[in-house]
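Residue-level listing of the chains:
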Amino acid sequence: MPTTKQLLTSVQVARLVAQGFLRLDGVVPQELNDDAIATLSTGIPAVPYGTPLAKAFQGDTFIHRLLALPAVAGALESLVGPDPTVDHHAVHVREPREGSAQDLHGDAIIDVRPDAFDVQLMYYPREVTPDMGGTLSVPGSHLRRINETDVGRVQNLRGQTRLTCPAGTVVLVHHGIWHSGRRNDTGRRRYMYKIRFNPTVPQVRLWDTSDLHDPAVTAELNTYFPWYEHATARLEIHNRVLLWRALTGDDTFDIDYWVTRVNNRPALRSHA
């Protein structure tokens, strides 16, 4: 098994900036999945808010081994840097045929940082089939600010995704994504383990930037989603450009002149 961290590419980071999440399907080996289920079934101790990652989990735990996997370690470093802190972690279990689902919501969105974001790692140690419900997410919703269950009355949005995945899948999400845990209609428990990470360094060019100027980067950032309103969708693109500028340190990047146009303030330049 490789041990070198596998940093994300610019295209992958741009995909997360546009969609609000990034999937790493089946990256966790089955032996570790089995260990995880045994541990999650009995519960895990809490970690105090703001604990440095290096001190949060002992080396003999499945969590430490999960986060040390090259694909997982590299993806986290690409998004939040080498020494993040652990905000919190939790086990989410959907019991067989429990008959209920969560409201659509965002996690603790009293958070309007334009140039930084937390990353939530969602780990699925077992295969998630369509009948198991899965985690529903709304692509491209993460930069439209809501406060927790403000959108809870919404039942369905065009283009929403309900996660189905192989065992050992990890999904990394921007803290603002709209999501909900759906009803499990099978006879098996569905497990999801979540950790929220806070960056401790500027989130600037932390990934493999060798493809930074690939046209596919702009194509990812210019993605539209079916639930967007015709006019308001422009604000989503505008906000993505602002975040991409912060992540790359390039304050000239733009898509269709959206940010350049509204930043044009000649009066300020004339007094410089």
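Residues numbered from 1 in each chain as written. Predicted model: local features only at pLDDT ≥ 70, side-chain atom pairs only at ≥ 80, totals over all residues. Heavy atoms only, no water.

(A) Representation of the overall build of the protein within the structure. Within the protein one finds 9 helices and 9 strands. Since a compact globule built from 272 residues should have a radius of gyration of about 19 Å, the 19 Å found for the protein is in line with a globular shape. With respect to the principal axes defined by its C-alpha atoms, the protein has extents near 65 × 40 × 35 Å. Within the protein, contacts between residues separated by at least 24 positions form 87% of all contacts whose residues are at least 6 apart in sequence. Working note: accessible area of the protein is about 13,100 Å², and carbon and sulfur atoms make up 52% of it. (Helix = DSSP H or I, 4+ residues; strand = E, 2+ residues; numbered from the N terminus. Rg over C-alpha atoms; globule rule 2.2 N^0.38 Å. Contact = heavy atoms within 4.5 Å. Areas by Shrake-Rupley, 256 points an atom, 1.4 Å probe, with all protein chains shown as cover.)

(B) Fine view of unusual backbone geometry. Unusually for a residue other than glycine, Arg205 sits at a positive phi of about 50°. Classification of Arg205 by relative accessible area gives partly exposed; the value is 41%. The phi dihedral of Asp256 is positive, around 50°, even though this residue is not glycine. Among the structural elements, Asp256 can be located in the loop between helix H7 (233–248) and helix H8 (258–262). (Buried < 20%, exposed > 50% of the residue type's maximum accessible area, 1.4 Å probe, protein only.)

(C) Representation of the sheet that holds strand S8 (residues 179–181). On the basis of which strands lie adjacent, the open sheet formed by 3 strands has the order S6-S5-S8 and antiparallel pairing. Across the chains shown, the open sheet's two edge strands, defined by having one partner strand only, are strand S6 (161–162) and S8. Pairing geometry for strand S5 (residues 135–137) and S8, over 3 bridges, is antiparallel. Its bridge partner lying in S8, Leu136 is registered against Ser180. (Pairing = 2+ DSSP bridges.)

(D) Examining empty space enclosed by the protein more closely. For the structure on display, the rule yields 1 cavity of 30 Å³ or more. Each pocket or cavity is described by its volume, and for the largest cavity that value is around 30 Å³. (1 Å grid on protein atoms, 1.4 Å probe; cavity = no way out; pocket = protein on both sides within 12 Å on 5 of 7 lines; lining within 4 Å. Points joined across faces, edges and corners; volume = space filled by probe spheres on them.)

(E) Spatial organisation of the layout of surface pockets. Volume-wise, the largest pocket comes out at about 330 Å³. Lys5, Leu53, Leu67, Ala73 and Pro82 are the residues nearest the centre of the largest pocket, which is lined by 14 residues in total. Elements with a contribution of two residues or more to the lining of the largest pocket: helix H3 (53–56), helix H4 (62–68) and helix H5 (70–80). Tallied by class, the residues present in the lining of the largest pocket amount to 9 nonpolar, 2 polar and 3 charged. Approximately 200 Å³ is the volume found for the second largest pocket. (Nonpolar A, V, L, I, M, F, W, Y, C, P; charged D, E, K, R; others polar.)

(F) Representation of the nonpolar core in the model. In this structure, Leu121 and Trp244 are the most contacted members of the largest nonpolar core, which totals 50 residues. Excluding residues that lie within four positions of it along the chain, Leu121 makes contacts with Leu66, Leu67, Val72, Leu76, Val170, Val171, Leu172, Tyr193, Lys194, Ile195 and Phe197. Phe21, Tyr124, Val128 and Cys165 belong to the second largest nonpolar core, which has 11 residues in total. (Core = buried A, V, L, I, M, F, W, Y, C linked by side-chain atoms within 4.5 Å.)

(G) Structural detail: the sheet that holds strand S2 (residues 51–52). The 6 strands are arranged S1-S7-S4-S9-S3-S2 in an open sheet whose pairing can be described as antiparallel. The sheet is open, and its two borders are formed by strand S1 (21–24) and S2, each paired with just one other strand. Lying on the sheet, H5 is in contact with S1, strand S4 (119–124), strand S7 (169–174) and strand S9 (190–198); it crosses S4 at an angle near 160°. (Axes fitted to C-alpha atoms, helices over the stretch in contact; angles between N-to-C directions.)

(H) View of the confidence of the model for the protein. Considering every residue of the protein, the mean pLDDT works out to 91; 96% of them sit at 70 or more. Across the protein, the secondary-structure element scoring lowest on mean pLDDT is helix H9 (residues 266–270), at 73, and the one scoring highest is helix H1 (residues 10–19), at 98. (pLDDT = per-residue confidence, 0-100.)

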